[in-house]
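Inside the fold
Listed below, chain by chain, are the residues.
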Amino acid sequence: MDVDIDAGPGAMRFIPDPVNKDWDQAVTFLPASDNKKLEKNSPGRIGAIVAVVILAAILALIIGIVVWHFHFRKDLKIQKIYTGSLSISNEAFVDAYENPDSPEFKKLANQVLTQLKSMYSDSPQLSRYYIGSQVQAFSEGSVIAYYESEFAVPVDQEAAVDQAVSNLNDIYSGSKAGKRQIETNQGPLVLGNFVSSASTRFSQHTKGFVEDIIKSPGFPDIPYPPNSFVQWQLRGDPDYVLKLTFDTFNLEQNCTNDFVRVYDSLVAVNKYIMAEKCGYYSPSDPLAFISSRNVMLVTLVTNEVGNFPGFKARVSQIKKDDPSVKCGGTLTGSTGIFTSPNFPNYYPPNTTCQWNIEVPVGKFIKLKFPKFMVSTGGSICMGDYVDIVGKRLCGQQSANMLSTVNSNKGTVVFVSDASNVDRGFSATFEAYEPTDPCPDQFQCSNKRCVNRSMRCDGWNDCRDSSDEVNCQCDPYMIQCKNGFCKPMFWRCDGVDDCGDGTDEVNCGCKTGQFQCKNDQCVSEKQKCDGTPDCKDGSDEEGCGRDLSCTVSTFACANGKCISKPNPICDGQNDCGDNSDESNCDVGEFPWQVSLHIKNVAHVCGASVISERWLVTAAHCVQDDAKYRYSQPGTWDAYLGLHKQRDKQIVTKRALKQIIPHPSYNPYTYDFDIALMELESPITYSETIRPVCLPTATDTYPTGGTVTITGWGATREGGSGAQVLQKAQVRIINSTVCDQLMNGQISSRMMCAGVLSGGVDACQGDSGGPLTYLSSERMFLAGVVSWGDGCARRNKPGIYTFVPKFRGWIKEKTGV
Ligand code: 4AZ
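In this text, all values refer to a predicted model and were calculated from it rather than measured experimentally. (Residues numbered from 1 in each chain as written. Predicted model: local features only at pLDDT ≥ 70, side-chain atom pairs only at ≥ 80, totals over all residues. Heavy atoms only, no water.)

With that settled, the discussion passes to the nonpolar core. Residues L244, F246, F289, F311, F338, L367 and F425 are the most contacted members of the largest nonpolar core, which totals 54 residues. Examining the composition of this core, we find that five residues originate from one element, strand β19 (residues 364–374), more than from any other. Shared between two domains, this core holds at least three residues of each, these being domain 3 (206–319) and domain 4 (329–432). Ranked by size, the runner-up nonpolar core spans 46 residues in total, among them V650, I658, L693 and F805. (Core = buried A, V, L, I, M, F, W, Y, C linked by side-chain atoms within 4.5 Å. Buried < 20%, exposed > 50% of the residue type's maximum accessible area, 1.4 Å probe, protein only. Helix = DSSP H or I, 4+ residues; strand = E, 2+ residues; numbered from the N terminus. Domains from an automatic or database assignment.)

Okay, here's the thing in structure tokens:
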């Protein structure tokens, strides 16, 4: 609980060696013996045994030779396939080139094959191992031929052949090539004994305004198959570009295993790779690509492991001059917005846009980029970039990156090269008065403007800390020597928050001093001198000479004794030092459970909903490489606990079963709820009691106060709390929250927090309760689920919205 202020392996795949399969068959087909005959005739039987032995020996010899041949012989050959494209500048594209069966296609293809053969014959490495080529397709421009060339290469010559192909590219690319040019750097597609049956190619031409659909094999009924290589060659009409929109995308998380690649080409040429994708994309994080020409290639490569649904995508064509793909222009006025083409989806490759911005005379231009994701293509913005009056920007920039132009006119140019696209950017421009760049606001050293209230509030709002220097701090903040202000809560917590250690000095007491319970230092002589010197009176505790105290009085921490009946936790400060009201929190949240990995540590929270059942988060019960969190035997549940160190003396229960929600999504944390059945029921007491469950139709008012509890970290990245922490946060409107959390909020989630930062749930609070007080009862409105860090400004905590699961809880537990 935070209550602070505050081209991979590419398309190469090794497919199992068919030779090994032949061995298996050879062993399986050992000649079957006629047993009966052998039993009746003993000499015959000996003969048969001898025959079997000889056969076995021959077989062993064959296997040995095969093993030697395929594993140890240096001249073992592997099949290498290179894909490439070749532009033919003295030919014009005709429709018949789209049809591989047409005489026109065949004629030109033969010419290309002759040309390829003659090019390879120039190189000894290539001519020696060349098997043949195949022209797969043609497209406009004048005519581009896409081909595959196959070589049978001894293993020890593989690198030399790669080099020879690369040399060939150098020779034939550019002006040296005369009329025929190899346009791309060819890349090897498949390495090893690639079986052609494992490769599937679909080809389709989207026409008019009809949308075509492409799907991974088996989608949506069964997961895509292992060890597959599938290609979709997509075409549109001339003067159109293609748009590929993935409606569902759910592949294995690791792109070295399974991946989809999208090319701005008809064949898998590295130079035209737009993106390689794997993992899961939620509908709120859509994935859509636009080509720069009327062709696109999609490939799906899977390896032998994994069991994932795959994808479904729509293919449509857009006219090249359609406003949705056109970009640039003249922007005038005092403010305005512009975006990269197709934003927030992926911009097309090979695109240049120029915006000429003009604000009123005498004013300067301020450009803000709420989102900026432009593929880098190297460290110095050589590939894709945004050029602001001569200054290039690329890569991922932080939200609301700022740039200024000291003139009333300026140009912004966006350039994307042939490969590796990204989501692009959104931008706003506004005119500002050169003499007053931040009207009514504080101007940071980096020219950013922030609200005046953000000055000296302990947060680095300017991002260069200029709002936090030379501060006169409020009394509830630590005045750091370096001029920063930091929350008092962080004093003496073992972390150097000031940066100059000011907040961590004077935390222990010197020799000759007594350290009070509130960390104050008083002279050792003041201990038990009859006068409370510590503000909390702890210097007079346990002194054994409170003569006025009897068995029928209450001994306060400050040495005072009071005779009032039941003074403890009655809400009144009877002692004067409030010691009669401290420790009243025990039992304040009797439904709070601490879930421990047996004999290891607290991991998550949970809530008691009945004598047998707990509610927690599904993400708490997902296995990882180290622990089997999904297994009941992994866990101990501690009930009625206040301080972690008291766990020996409170109720502990093993678990009988764990039921995670079947729709829990580990990528989006959607449906993040689980039920735990205790091995034996508990007896309710003053410190163990269930929380009320909401009804399925319950809603909570935006701005309403809710309570969160747990032993989680007391700051982002910090360690867990010893004593159960509580904090009050407010419910945040889901639409606002969805914007703050970049569209990641589903209807199964609710948001709560303090948008100025500083109060939040944190790591270790997960699974624990968010309670809402209604009619003097506490209802389990939410389950601590996730967040972007802890207690950050404008980053609320995200909770599983329990009313949505009322029916499911009833169905599974009967509660
Ligand atoms: C966690 O890791 C966690 N700030 C829980 C809640 C929040 C962040 C992280 C919300 O368990």
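Inspection of the entire model under this criterion finds 18 salt bridges. Where E276 meets R261, a salt bridge forms, and the shortest distance between an N and an O atom there is 2.9 Å. Linking E276 in strand β11 (residues 273–277) with R261 in strand β10 (residues 259–263), this pair joins segments that are 15 residues apart in sequence. Classification of E276 as partly exposed rests on a relative accessible area of 25%. In this structure, the salt-bridge partner of R792 is E716, at a minimum N-O distance of 2.5 Å. With a gap of 76 residues between them, R792 in the loop between β44 (777–787) and β45 (797–801) and E716 in the loop between β40 (705–710) and β41 (725–732) connect regions that are remote in the sequence. Assessed through its relative accessible area of 32%, R792 is described here as partly exposed. When its relative accessible area of 37% is taken as the criterion, E716 is described as partly exposed. Sharing partners across several salt bridges, the network here consists of E211, D247, K312 and R314. (Salt bridge = Lys/Arg side-chain N within 4 Å of Asp/Glu carboxyl O.)

Before going further, it helps to examine a nonpolar patch on the surface. Side chains of V50, I54, I58 and I62 sit close together on the surface and give an oily, nonpolar patch of about 340 Å² of accessible area. Locating V50 in the fold gives a position in helix α3 (residues 42–72). The exposure class of V50 is partly exposed, given its relative accessible area of 44%. (Patch = residues over 30% accessible without salt bridge, like charges linked within 9 Å, V, L, I, M, F, W, Y side chains within 5 Å. Areas by Shrake-Rupley, 256 points an atom, 1.4 Å probe, with all protein chains shown as cover.)

Looking now at the sheet that holds β44. Read once around its circumference, the closed barrel built from six strands follows the order β40-β41-β42-β45-β44-β43, with strand pairing classed as antiparallel. Across the sheet, the mean angle from the axis of one strand to that of its neighbour is 45 degrees, orientation sign disregarded. Judged from the five bridges that link them, β44 and β45 form a sheet pairing that is antiparallel. Its bridge partner being in β45, W786 is matched across the sheet by I798. (Pairing = 2+ DSSP bridges. Axes fitted to C-alpha atoms, helices over the stretch in contact; angles between N-to-C directions.)

Here we have six strands rolled up into a closed barrel, ordered β34-β35-β36-β39-β38-β37, and antiparallel in their pairing. This sheet shows a mean twist of 40 degrees between the axes of neighbouring strands, independent of strand direction. Bridge count for strand β36 (residues 613–616) against strand β39 (residues 674–678) is four bridges, and the pairing is antiparallel. Within β39, the position partnered with V615 by the bridge is L675.

Next up on the list: unusual backbone geometry. Following F219, the chain continues to P220 via a peptide bond in cis, the omega torsion being 0 degrees. Following the sequence through the fold, P220 ends up in the loop between β7 (212–215) and β8 (229–235). In this structure, the amide linkage connecting F343 to the following residue, P344, adopts the cis form with an omega of 5 degrees. Mapped onto the secondary structure, P344 falls in the loop between β17 (335–339) and β18 (351–358). We note that S465 has phi near 65 degrees; this positive angle belongs to a residue other than glycine. With a relative accessible area of 21%, S465 lands in the partly exposed category. One non-glycine residue, N742, lies in positive phi territory at about 55 degrees. With respect to the helices, strands and loops of the structure, N742 is situated in the loop between α7 (734–740) and β42 (749–753).

Once that is clear, we can look at the packing of aromatic side chains. Across all of its chains, the model carries 30 aromatic pairs by this definition. Residues F246 and F311 carry aromatic rings whose centres are separated by 5.3 Å and whose planes lie at 80 degrees to one another, so their mutual orientation is edge-to-face. One end of the pair, F246, is in strand β9 (residues 240–250); the other, F311, is in strand β15 (residues 310–319), and 65 residues separate them in sequence. Relative to F801, the ring of Y700 lies with its centre 6.0 Å away and its plane at 85 degrees, an arrangement referred to as edge-to-face. Here Y700 is found in the loop between β39 and β40, whereas its partner F801 is found in strand β45, with 101 residues between them in sequence. Of the two residues, Y700 and F801, neither departs from the other in class, the shared state being buried. Joined through ring pairs, the aromatic side chains of W232, F246, F249, Y281, F289, F311 and Y346 make up one cluster. Directly above the ring of Y432 sits K366, whose terminal nitrogen or CZ lies 5.3 Å from the centroid. Lying across the ring of Y385, R392 places its NZ or CZ 3.7 Å from the centre. (Phe/Tyr/Trp six-rings, centres within 6.5 Å; stacked < 30°, edge-to-face > 60°. Lys NZ or Arg CZ within 6 Å of the ring centre and 35° of its normal.)

Further remarks concern the confidence of the model for the chain. Across the chain, the average pLDDT comes to 82, with 84% of residues at or above 70. A low-confidence stretch, residues 69–74 (pLDDT under 50), is modelled with nine contacts involving residues beyond four sequence positions or located in other chains. Across residues 174–199, confidence stays below pLDDT 50; counting only partners more than four residues off in sequence or on other chains, it has 84 contacts. (pLDDT = per-residue confidence, 0-100. Contact = heavy atoms within 4.5 Å.)

The subject of this paragraph is the site of the ligand. Around the ligand lies a shell formed by D760, A761, C762, Q763, G764, S766, V784, W786, G787, G789 and C790. At a separation of 2.6 Å, a nitrogen atom of the ligand approaches a polar side-chain atom of D760. Between a nitrogen atom of the ligand and a main-chain N or O atom of A761, the distance comes to 2.8 Å. Coverage of the ligand by the protein amounts to 85% of the 300 Å² it exposes when considered alone. Taken together, the residues that form the shell around the ligand break down as five nonpolar, five polar and one charged. (Near = heavy atom within 4 Å. Polar contact = N/O pair within 3.5 Å; in protein donor to acceptor, adjacent residues only side chain to side chain. Nonpolar A, V, L, I, M, F, W, Y, C, P; charged D, E, K, R; others polar.)

Glancing now at the state of the cysteines. Evaluation of the coordinates by the stated rule reveals eleven disulfides. With a sulfur-sulfur separation of 1.9 Å, C327 is cross-linked through a disulfide to C353. Torsion about the S-S bond of the C327 and C353 cystine: about -85 degrees, corresponding to left-handed handedness. Separated by 26 residues along the polypeptide, C327 in the loop between β15 and β16 (329–332) and C353 in strand β18 bring together distant segments of the chain. Under the relative-accessibility criterion, C353 is labelled buried at 1%. One disulfide in the model links C444 with C462; its S-S distance is 1.9 Å. Around the S-S axis, the bridge from C444 to C462 shows a dihedral of about -75 degrees and counts as left-handed. (Disulfide = S-S within 2.5 Å.)

Looking now at helix α6 (residues 158–172). Here α6 is 15 residues long and its end C-alpha atoms lie 21 Å apart, about the 21 Å a rise of 1.5 Å per residue gives. Looking at α6, one finds that the buried residues are V161, A164, V165, L168, N169 and Y172. End-on, the buried residues of α6 take up no more than an arc of 145 degrees, which puts them together on one face. (Expected span 1.5 Å × (residues − 1). Arc of directions from axis to C-beta.)

Within the fold, T248 resides in strand β9. As a C-alpha pair, T248 and S282 span 34 residues in sequence and 7.6 Å in three-dimensional space. The residues touching T248, leaving out its near neighbours within four places in the chain, are F219, G310, F311 and K312.

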